[in-house]
Amino acid sequence: AQSVAQPEDQVNVAEGNPLTVKCTYSVSGNPYLFWYVQYPNRGLQFLLKYITGDNLVKGSYGFEAEFNKSQTSFHLKKPSALVSDSALYFCAVRDMKRTDKLIFGTGTRLQVFP
Amino acid sequence: EAQVTQNPRYLITVTGKKLTVTCSQNMNHEYMSWYRQDPGLGLRQIYYSMNVEVTDKGDVPEGYKVSRKEKRNFPLILESPSPNQTSLYFCASRGRERRNEQFFGPGTRLTVL
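Presented here is an overview of the structure given in this document.

Cut-offs applied
Residues numbered from 1 in each chain as written. Chains lettered and ligands numbered in written order. Predicted model: local features only at pLDDT ≥ 70, side-chain atom pairs only at ≥ 80, totals over all residues. Heavy atoms only, no water. Helix = DSSP H or I, 4+ residues; strand = E, 2+ residues; numbered from the N terminus. Rg over C-alpha atoms; globule rule 2.2 N^0.38 Å. Buried < 20%, exposed > 50% of the residue type's maximum accessible area, 1.4 Å probe, protein only. Contact = heavy atoms within 4.5 Å. Areas by Shrake-Rupley, 256 points an atom, 1.4 Å probe, with all protein chains shown as cover. Lys, Arg positive; Asp, Glu negative; His and termini not counted. Charge placed at Lys NZ, Arg CZ, Asp CG, Glu CD. Buried area = accessible area lost by both parts, 1.4 Å probe. Salt bridge = Lys/Arg side-chain N within 4 Å of Asp/Glu carboxyl O. Polar contact = N/O pair within 3.5 Å; in protein donor to acceptor, adjacent residues only side chain to side chain. Pairing = 2+ DSSP bridges. Disulfide = S-S within 2.5 Å. Phe/Tyr/Trp six-rings, centres within 6.5 Å; stacked < 30°, edge-to-face > 60°. Lys NZ or Arg CZ within 6 Å of the ring centre and 35° of its normal. Core = buried A, V, L, I, M, F, W, Y, C linked by side-chain atoms within 4.5 Å.

Glancing now at the overall build of chain A. Looking only at helices and strands, chain A features 0 helices and 12 strands. Relative to the compact-globule value of 13 Å for 114 residues, chain A shows a C-alpha radius of gyration of 13 Å, a close match. If one aligns the C-alpha atoms of chain A with their principal axes, the spans along those axes are about 45 × 30 × 20 Å. Residue burial in chain A is summarised as follows: out of 114 residues, 50% are buried. Across chain A, every contact between residues at least 6 apart in sequence was considered, and the portion connecting residues at least 24 apart equals 55%. Carbon and sulfur atoms make up 49% of the accessible area of chain A, which totals about 5,400 Å². One way to put it: in chain A the 12 positive side-chain charges average out to a point 6 Å from where the 9 negative ones average out.

Okay, structure coming up:
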């Protein structure tokens, strides 16, 4: 079965420090991976995606993610966190059978402290 | 501005009172979906539509109906809402050409008492 796991419910980091939000996936074949962010009282916003090519993907707001096939991971990273990065982050993988469907992880709440 | 809109954004209702949540997109997208978001469960797909008059069940369709009479609109209908349908609902759309870009609406927070 295809799935996405986000092992941490919450990640706390001080402003200015690097941040990592973890994601692992389980699919057969080559995965299409995504990160979305949800700010309070807002919808989901697309951050970045990995389809093929370079394992390091750069996205919006200074975020990047590293695809690691051997570890089946797609961790979200940022070199220097901002208080405004505090939000709920979702990792997702495209369903291999139904391309319009995304399979989401349970979400990780990122809290950046001043 | 390219966008997906949902109405209402917030709704409190009572068990059994039929309601409809509207979704509209202005990007001429073929594919549209409804998801519900629940704590600890992430987002789960309720129904999807591949084009006008073509709809199918997602992972959690029980208690919901949809219709796709026009390309831009994809309403979610709860004929007899129950408290377990209290959730945050998102509509999403994508085009045929850019298959890996889904656009999400702002969400509708529904409370069923």
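Before going further, it helps to spend a moment on the interface of chain A and chain B. Each partner contributes to the interface: chain A provides 21 residues, whereas chain B provides 24 residues. Between chain A and chain B lies a buried interface of about 1,800 Å² when both sides are counted; carbon and sulfur atoms form 46% of it. Inspection of the chain A/chain B interface yields 1 salt bridge. With a closest N to O distance of 2.7 Å, Lys101(A) and Asp59(B) form a salt bridge. There are 3 residue pairs in polar contact (both at pLDDT 80 or more) connecting chain A and chain B. Mapped onto the side of chain A that touches chain B, the elements with two or more residues apiece are strand 5 (33-38), strand 6 (44-50), strand 10 (87-94) and strand 11 (102-104) of chain A.

Right, let's get into the pairing of strand 6 of chain A. All names here are of chain A. Taken across its 7 residues, strand 6 has 5 buried, putting it largely inside the fold. Here strand 5 runs beside strand 6; their pairing, made up of 6 bridges, is antiparallel. The partner of Val 37 across the bridge, within strand 6, is Gln 45. Connecting the antiparallel pair strand 5 and strand 6 is a turn made up of 5 residues, with Asn 41 showing a positive phi of about 60°.

Here we come to the state of the cysteines. Put plainly, two cysteines are in a disulfide when a covalent bond ties their sulfur atoms together. For the coordinates displayed, the defined rule picks out 2 disulfides over all chains. Paired by a disulfide, Cys23(A) and Cys91(A) hold their sulfur atoms 2.0 Å apart. The sign of the -60° torsion about the S-S bond sets the Cys23(A)-Cys91(A) disulfide as left-handed. Of this pair, Cys23(A) sits in the loop between strand 3 (19-21) and strand 4 (24-26) while Cys91(A) is found in strand 10, placing the two residues 68 residues apart along the sequence. The exposure class assigned to Cys23(A) is buried, which follows from its relative accessible area of 0%. For Cys91(A), a relative accessible area of 0% gives the class buried. Each disulfide pairs two cysteine sulfurs, and for Cys23(B) the partner residue is Cys91(B), the sulfurs being separated by 1.9 Å. Between Cys23(B) and Cys91(B) the sulfur-sulfur dihedral comes to about -70°; the bridge is accordingly left-handed. Of this pair, Cys23(B) sits in strand 3 (residues 19-25) while Cys91(B) sits in strand 9 (residues 87-94), and the two are 68 residues apart along the sequence.

Within the structure shown, the criterion is met by 12 aromatic pairs over all chains. Plain terms: the ring middles of Phe90(A) and Phe104(A) are 6.2 Å apart, the flat faces sit at 90° to each other, and that makes the pair edge-to-face. Here Phe104(A) lies in strand 11 and Phe90(A) lies in strand 10, a separation of 14 residues in the sequence. Phe104(A) gets classed as buried once you look at its relative accessible area, which sits at 7%. Just above the ring of Tyr31(B) sits the side chain of Arg94(B); from NZ or CZ to the centre is 3.8 Å.

Strand order in the open sheet formed by 4 strands is 1-3-8-7 (chain B), with antiparallel pairing between adjacent strands. Two strands in the sheet have a free side with no partner beyond their single neighbour: strand 1 (4-7) and strand 7 (65-66) of chain B.

What follows deals with the nonpolar core. By size, the foremost hydrophobic cluster in this structure holds 29 residues, and its most contacted members are Trp35(A), Leu47(A), Leu48(A), Phe74(A), Leu76(A) and Tyr89(A). Sorting the residues of this core by element identifies strand 2 (10-14), strand 3, strand 5, strand 6, strand 8 (64-68), strand 9 (73-78), strand 10 and strand 12 (108-113) of chain A as the ones contributing at least two each. Looking at this core element by element, the count peaks at 4 residues for strand 10 of chain A. In contact with Phe74(A), other than residues within four places in its own chain, are Cys23(A), Leu33(A), Phe34(A), Trp35(A), Leu48(A), Lys49(A), Tyr50(A), Ala65(A), Glu66(A), Phe67(A) and Cys91(A). Among the nonpolar cores identified, the runner-up in size contains 19 residues, and Val4(B), Met32(B), Tyr47(B) and Val112(B) belong to it.

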